[in-house]
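The chain contents come next:
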Amino acid sequence: QVQLVESGGGLVQAGGSLRLSCAASGRTFRAYALGWFRQAPGKEREFVAAITWGGGNTYYEDTVKGRFTISRDAAKNAVYIQMNSLEPEDTAVYYCAAAIRYGVTLTTEGVYAYWGQGTHVTVSS
């Protein structure tokens, strides 16, 4: 089992920055990757970014490339996402998720076995 707890959400003006954290506990050393997804009001949940736990390979959704940076701290069992140049369109609930199976396509929601409760991010214009 893997438990995930997100933090760091809040209200920020457009152009501002936020750093979200995801604290992982349990069998984290067996996780293949951790990812961030988001769900805006009235929309489906979508992939934002992912990082492999061992190699640190990163993947980003096109609209966040160059603005968001995902990173991990294996010693703290934590994953972070630094979000810069935030736009109102980034307003959403952000979820941390863990993928267990190796070699899966990390942009696909279905490959993630464990999910956090989410943290709200609101970007005002």
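For the structure, check the block above.
Residues numbered from 1 in each chain as written. Predicted model: local features only at pLDDT ≥ 70, side-chain atom pairs only at ≥ 80, totals over all residues. Heavy atoms only, no water.

## Observations regarding the environment of Gln-82
If you trace the backbone, Gln-82 turns up in strand S8 (residues 78–83). The spatial distance from the C-alpha of Gln-82 to the C-alpha of Phe-68 is 5.4 Å, given a sequence separation of 14 residues. A distance of 2.9 Å separates polar atoms of two side chains, one belonging to Gln-82 and the other to Asn-84. (Helix = DSSP H or I, 4+ residues; strand = E, 2+ residues; numbered from the N terminus. Polar contact = N/O pair within 3.5 Å; in protein donor to acceptor, adjacent residues only side chain to side chain.)

## A short note on the pattern of salt bridges
Evaluation of the coordinates by the stated rule reveals 5 salt bridges. Across the pair Asp-90 and Arg-38 runs a salt bridge whose closest N-O atoms are separated by 2.9 Å. Of this pair, Asp-90 sits in the loop between S8 and strand S9 (92–99) while Arg-38 sits in strand S4 (residues 33–39), and the two are 52 residues apart along the sequence. A relative accessible area of 1% means that Asp-90 is categorised as buried. Classification of Arg-38 as buried rests on a relative accessible area of 5%. When the shortest N-O distance is used, the salt bridge between Lys-65 and Asp-62 registers 3.2 Å. The network of salt bridges with common partners includes Arg-38, Glu-46, Arg-67 and Asp-90. (Salt bridge = Lys/Arg side-chain N within 4 Å of Asp/Glu carboxyl O. Buried < 20%, exposed > 50% of the residue type's maximum accessible area, 1.4 Å probe, protein only.)

## Side note on the packing of aromatic side chains
Within this structure, the stated rule accounts for 6 aromatic pairs. What links up through ring pairs into an aromatic cluster is the set Phe-37, Phe-47, Tyr-95, Tyr-112 and Trp-115. Seen from the ring of Tyr-95, Arg-45 lies directly overhead, with NZ or CZ sitting 4.9 Å from the centre. (Phe/Tyr/Trp six-rings, centres within 6.5 Å; stacked < 30°, edge-to-face > 60°. Lys NZ or Arg CZ within 6 Å of the ring centre and 35° of its normal.)

## Looking at the state of the cysteines
Tallied over the entire structure, the rule returns 1 disulfide. The side chain of Cys-22 participates in a disulfide bridge whose partner is Cys-96; the two sulfur atoms lie 2.1 Å from each other. Because the sign of the S-S torsion sets the handedness, a value of about -80° for the bond joining Cys-22 and Cys-96 places this disulfide among the left-handed ones. In this pair, Cys-22 sits in strand S3 (residues 18–26) while Cys-96 sits in strand S9, placing the two residues 74 residues apart along the sequence. (Disulfide = S-S within 2.5 Å.)

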